[in-house]
Amino acid sequence: SGLGWHVSLAPLLMLRRHFIDAFLETVRASIAKSDTLTATTMGTLYFEEEVWVFASKDFDRFFSGVVVQESQSAKLRGAAETILDATSKLLSVAPPSAAAMQLHCSLAWTLGDLRPA
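Looking at this structure, I do not really get the pairing of strand E2 (residues 62–68). What am I missing?
The side chains of a regular strand alternate, residue by residue, between the two faces of the sheet. Of all seven residues making up E2, six are buried, and the element is well covered by its neighbours. Where strand E1 (residues 47–55) lies against E2, six bridges are found, and the strand directions are antiparallel. In the sheet register, Trp 52 faces E2, and the bridge partner there is Gly 65. Hairpin connection of E1 to E2: six residues between the antiparallel strands, including Phe 59 at a positive phi of 55 degrees.

Written out as structure tokens, the structure is:
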């Protein structure tokens with residue numbers, strides 16, 4: 001069961017059951033080929049001190065999280081681009097821009113609407 005730790009690389013992507021194994025294999029292969037995703041090259045990640053609130057595109061999910069320090073984000077962007085390109089080809093969807101992503105670690109989320117009334 002575990003704590004539910006996850007890595008979010010893009011907006012919510014719904015997978016049909018028959019795509020899950022192929023998706024996971026594509027992610028594993030992308031990570032294995034990447035020279036930016038080794039313990040040696042990744043090292044320690046550092047985050048900003050402020051807690052941010054992020055919203056989904058439809059404002060139906062909200063997340064609190066800490067943002068990766070800009071000096072640390074370059075090594076993650078390359079890895080994100082590799083994984084996003086591979087999975088978008090598998091699923092025949094346009095990949096989101098890794099350069100436009102706000103890299104962060106989500107701490108909590110809710111389905112409630114947090115926008116001011």
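Got a minute to help me understand the confidence of the model for the chain in this structure?
For residues with low pLDDT, the predicted coordinates do not support detailed interpretation. Taken residue by residue, the chain gives an average pLDDT of 76. The fraction at 70 or more is 79%. Element-level mean pLDDT values for the chain span from 63 in helix H2 (residues 39–42) up to 89 in E1.

Cut-offs used in this document
Residues numbered from 1 in each chain as written. Predicted model: local features only at pLDDT ≥ 70, side-chain atom pairs only at ≥ 80, totals over all residues. Heavy atoms only, no water. Buried < 20%, exposed > 50% of the residue type's maximum accessible area, 1.4 Å probe, protein only. Helix = DSSP H or I, 4+ residues; strand = E, 2+ residues; numbered from the N terminus. Pairing = 2+ DSSP bridges. pLDDT = per-residue confidence, 0-100.

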